[in-house]
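Reading the structure
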Amino acid sequence: MKKIENMEQFLDSMANYNPKFDDGFSDRIIGKLDDDQKDTSNSFPEFVRLFRWVSLSGVAAIIILLITIYTTEGSFDLDAIYGIFNFSPDNPVLASLDY
Amino acid sequence: MNKGRLKSGDDLELIVSALEGNMSSFKTIVERYQETVAKITISMIGNKNDADDIGQEVFISFYKSMGKFKGDSKLSTYLARIAINLSLNEIKRRSGRWITTTNNINDDSLPSINSEESLDIQNIINISLKKLDPEFRSVVVLRHIQGFSTKETAEILNIPQGTVLSRLARGQDKLKQIITKLDVI
């Protein structure tokens, strides 16, 4: 005997087809949303912490650069910072640049 | 949110409460509509575990966009639209193996339904739906399995009602070919 008599019966069977998710479906969703919210609330302090380290590294690099300039050039002049402290205006290179 | 146009005041209260951060209200929404979403995603995807993931994605996506819900349609229709779109995306994502293995009604990959263990009507529905093209499958699922009207189906799929009717007729013809091939009718 055939399982389905006719197309109408098959369509009726489709109307009664009632697949379900496994138990605890709603709990799984609430759990995921809770996890998402925790991730979001944790991400800002993480950014601040990273930014602090990046900015501290930047400041340290600037201080080291200034100390190096002072020890080599003995001054914080703009010329010392540019690295042209020892050049005189009659230096051919500077003269050609109309310094 | 347009409160006046919402069909169900109860749903509206739950949404407003969920928007205020009350997770138990959102859980009630999930419990109320998970059957609708399950019918659509499991029928569309065919694999219960994958459908479960898509189902979760449906509600999480709704949670994130809940404030944009205008209330122009019923919540069931709104969630059905998300479920259909995510299911179609998933089918498209794995279209390589899906289409090549399931689209040809006349291929030899159809399982033989001679043994008693596979004669279950649910298996027959599952197998025959998998053999339908997604565009026909979505109409058949929404109309025959979920029981939406032609108008609601057209609204969910964003297509004219005439297209729904023609796809439904062609889908039913293809289903008949499939179950005839399966030798169960």
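Residues numbered from 1 in each chain as written. Chains lettered and ligands numbered in written order. Predicted model: local features only at pLDDT ≥ 70, side-chain atom pairs only at ≥ 80, totals over all residues. Heavy atoms only, no water.

Attention now moves to the overall build of chain A. When its secondary structure is counted, chain A shows four helices and zero strands. When the elements of chain A are put in sequence order from the N terminus, they spell out α-α-α-α. Relative to its full complement of 99 residues, chain A shows a buried share of 20%. When the accessible area of chain A is evaluated, it comes to approximately 7,500 Å², of which 62% is carbon and sulfur surface. (Helix = DSSP H or I, 4+ residues; strand = E, 2+ residues; numbered from the N terminus. Buried < 20%, exposed > 50% of the residue type's maximum accessible area, 1.4 Å probe, protein only. Areas by Shrake-Rupley, 256 points an atom, 1.4 Å probe, with all protein chains shown as cover.)

Here we come to helix α7 (residues 134–145) of chain B. All names here are of chain B. Buried residues dominate α7, accounting for ten of its twelve residues. Those residues of α7 that fall on the buried side of the exposure criterion are P134, F136, R137, S138, V139, V140, V141, L142, H144 and I145. Downstream of α7 by a residue or two, G147 has a phi angle that is positive, lying close to 80°.

Moving on to helix α2 (residues 23–45) of chain B. Residues and elements named next belong to chain B. Compared with an ideal rise of 1.5 Å per residue, which puts 23 residues at 33 Å, α2 spans 28 Å between its outermost C-alpha atoms and falls more than 12% short. At Y33, α2 shows its maximal kink, close to 50°. Directly beyond the C-terminal end of α2, a positive phi value near 90° is found at G46. (Expected span 1.5 Å × (residues − 1). Bend = angle between axes of the 7 residues up to and from the residue.)

Looking now at the interface of chain B and chain A. If you look at the interface, chain B gives 40 residues, while chain A gives 28 residues. In total, about 3,300 Å² of surface goes out of reach between chain B and chain A, with carbon and sulfur atoms giving 69% of it. Put simply, chain B and chain A have four salt bridges between them. Its salt-bridge partner being B:K48, residue A:D22 comes within 3.3 Å of it at the nearest N-O pair. Taken together, the connections running from chain B to chain A amount to eight residue pairs in polar contact (both at pLDDT 80 or more). Taken together, the elements giving at least two residues each to the side of chain B that touches chain A come down to α2, α3 (48–65), α6 (121–130), α7 and α9 (161–181) of chain B. Per-element tally for the side of chain B that touches chain A: the top contributor is α2(B), with 13 residues. Per-class residue counts for the side of chain B that touches chain A are 21 nonpolar, ten polar and nine charged. (Contact = heavy atoms within 4.5 Å. Buried area = accessible area lost by both parts, 1.4 Å probe. Salt bridge = Lys/Arg side-chain N within 4 Å of Asp/Glu carboxyl O. Polar contact = N/O pair within 3.5 Å; in protein donor to acceptor, adjacent residues only side chain to side chain. Nonpolar A, V, L, I, M, F, W, Y, C, P; charged D, E, K, R; others polar.)

As a further point, take the pattern of salt bridges. All names here are of chain B. Following the criterion strictly, the structure yields ten salt bridges over all chains and no others. Between E135 and R167 there is a salt bridge, with the nearest N and O atoms lying 3.8 Å from each other. Here R167 lies in helix α9 and E135 lies in helix α7, a separation of 32 residues in the sequence. By relative accessible area, R167 is classed as partly exposed at 22%. Several salt bridges converge on common partners, so that one network encompasses D10, D11 and R32.

Residues and elements named next belong to chain B. Turning to its location among the elements, Q146 is positioned in the loop between α7 and α8 (150–157). Here Q146 falls in the buried class, since its relative accessible area comes to 18%. Aside from chain neighbours lying at most four places away, what touches Q146 is T36, K39, I40 and V141.

What describes a pair of aromatic rings is the distance from one ring centre to the other and the angle between the planes of the rings. Residues and elements named next belong to chain B. The full count for this structure, using the stated rule, is eight aromatic pairs over all chains. Ring geometry for F62 and Y78: centres 5.9 Å apart, planes at 70°, overall edge-to-face. With F62 in helix α3 and Y78 in helix α4 (residues 75–93), the pair connects residues that are 16 residues apart, well separated along the chain. In textbook terms, an aromatic cluster arises when at least three aromatic residues are bridged by ring pairs, as seen for F26, F62, Y63, F69 and Y78. (Phe/Tyr/Trp six-rings, centres within 6.5 Å; stacked < 30°, edge-to-face > 60°.)

Our focus in this paragraph is the packing of α8(B) against α9(B). Residue and element names in this part refer to chain B. Axis separation between α8 and α9 bottoms out at 8 Å; the angle between their running directions is 105°. By the criterion of interaxial angle, the relationship of α8 to α9 is roughly perpendicular. Each of T150, K151, T153 and A154 in α8 lies in contact with α9, whose residues at this interface are Q161, V164 and L165. Grouping the constituent residues of the contact of α8 with α9 by class yields three nonpolar, three polar and one charged. (Axes fitted to C-alpha atoms, helices over the stretch in contact; angles between N-to-C directions. Parallel < 35°, antiparallel > 145°, perpendicular 65-115°, else oblique.)

Across soluble globular proteins, nonpolar side chains have a tendency to be buried as a group. All names here are of chain B. Judged by nonpolar contacts, the single largest core of 66 residues is most densely connected at F26 and F62. When residues in this core are grouped by element, the largest group, eleven residues, is from α2. Mapping this core onto the domain boundaries places at least three of its residues in each of domain 1 (1–93) and domain 2 (105–185). (Core = buried A, V, L, I, M, F, W, Y, C linked by side-chain atoms within 4.5 Å. Domains from an automatic or database assignment.)

Attention shifts here to unusual backbone geometry. A positive phi angle is found at B:N158, which is not glycine, with a value near 60°. Structurally, B:N158 can be placed in the loop between α8 and α9.

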